[in-house]
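Close look at the chain arrangement
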Amino acid sequence: MSIDLDLRIGSGVLDTYSSEKDSSAHTFALVRDSYRTEKDGIARKFDGDHITLKASHPLTKIGDEAYFYYGISTVPESAEAEVVVLSGTAEFTVSYSGTREGTGAPVSQREAEAASTAIARDVLKSLR
């Protein structure tokens, strides 16, 4: 099993933009655009040569917006799941990959979703 987290927070993003873009409304728009780009990019990745998309849907009660993807990778065979979350001026992706210990079979969608959403909730708690 492996877990990765990619986090972007708006205030850090602002350092690379001019001062006229320094409003919180603009920051939120930038992060929202990043969330949409990340969500679309993951959908393309899960529709690629090595990962077959098995499920994708919005998640409720996680941040302002959240989306879940689940697929099976053929190289190596494992479950691949990602949760993309937008919350205020933060956007992050939790990536989860795993197989059942001892069997080598991919973990189920339910297990992958439970694990990746639990991590997303923990990240949100730590951002408060």
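Our subject is the structure that appears above.
Reading the values: rules and limits
- Residues numbered from 1 in each chain as written.
- Predicted model: local features only at pLDDT ≥ 70, side-chain atom pairs only at ≥ 80, totals over all residues.
- Heavy atoms only, no water.
- Helix = DSSP H or I, 4+ residues; strand = E, 2+ residues; numbered from the N terminus.
- Buried < 20%, exposed > 50% of the residue type's maximum accessible area, 1.4 Å probe, protein only.
- Contact = heavy atoms within 4.5 Å.
- Polar contact = N/O pair within 3.5 Å; in protein donor to acceptor, adjacent residues only side chain to side chain.
- Expected span 1.5 Å × (residues − 1).
- Arc of directions from axis to C-beta.

Focus: the overall build of the protein
- Within the protein one finds three helices and five strands.
- Ordered by position from N to C terminus, the α and β elements of the protein give β-α-α-β-β-β-β-α.
- The buried share among the 128 residues of the protein stands at 38%.
- Considering only residue pairs separated by 6 or more positions, the protein has 53% of its internal contacts joining residues 24 or more positions apart.

Considerations on the environment of threonine 93
- Looking at where threonine 93 falls in the secondary structure, it is placed in strand β5 (residues 90–98).
- Measuring from C-alpha to C-alpha, the distance between threonine 93 and valine 83 comes to 5.5 Å, with ten residues separating the pair along the chain.
- In contact with threonine 93, not counting residues within four places along its chain, are Asp4, Leu5, Asp6, Glu38, Ile42, Glu82, Val83 and Val84.
- Of the polar contacts made by the side chain of threonine 93, one reaches the side chain of glutamate 38; its length is 3.5 Å.

A look at the side chain of glutamate 91
- Within the fold, glutamate 91 resides in strand β5.
- On the basis of relative accessibility, which here comes to 0%, the residue glutamate 91 falls in the buried class.
- At a separation of 3.2 Å, a polar atom in the side chain of glutamate 91 contacts the side chain of serine 34.

Regarding helix α3 (residues 109–127)
- Look at α3: 27 Å from first C-alpha to last across 19 residues, which is about the 27 Å you get at 1.5 Å a residue.
- Buried residues of α3: Ala112, Glu113, Ser116, Thr117, Ala120, Val123 and Leu124, and no others. Buried residues of α3 fall within an arc of 115° about the axis and therefore sit on the same side. Turned more than 90 degrees from where α3 packs its buried face, Arg110, Lys125 and Ser126 sit exposed.

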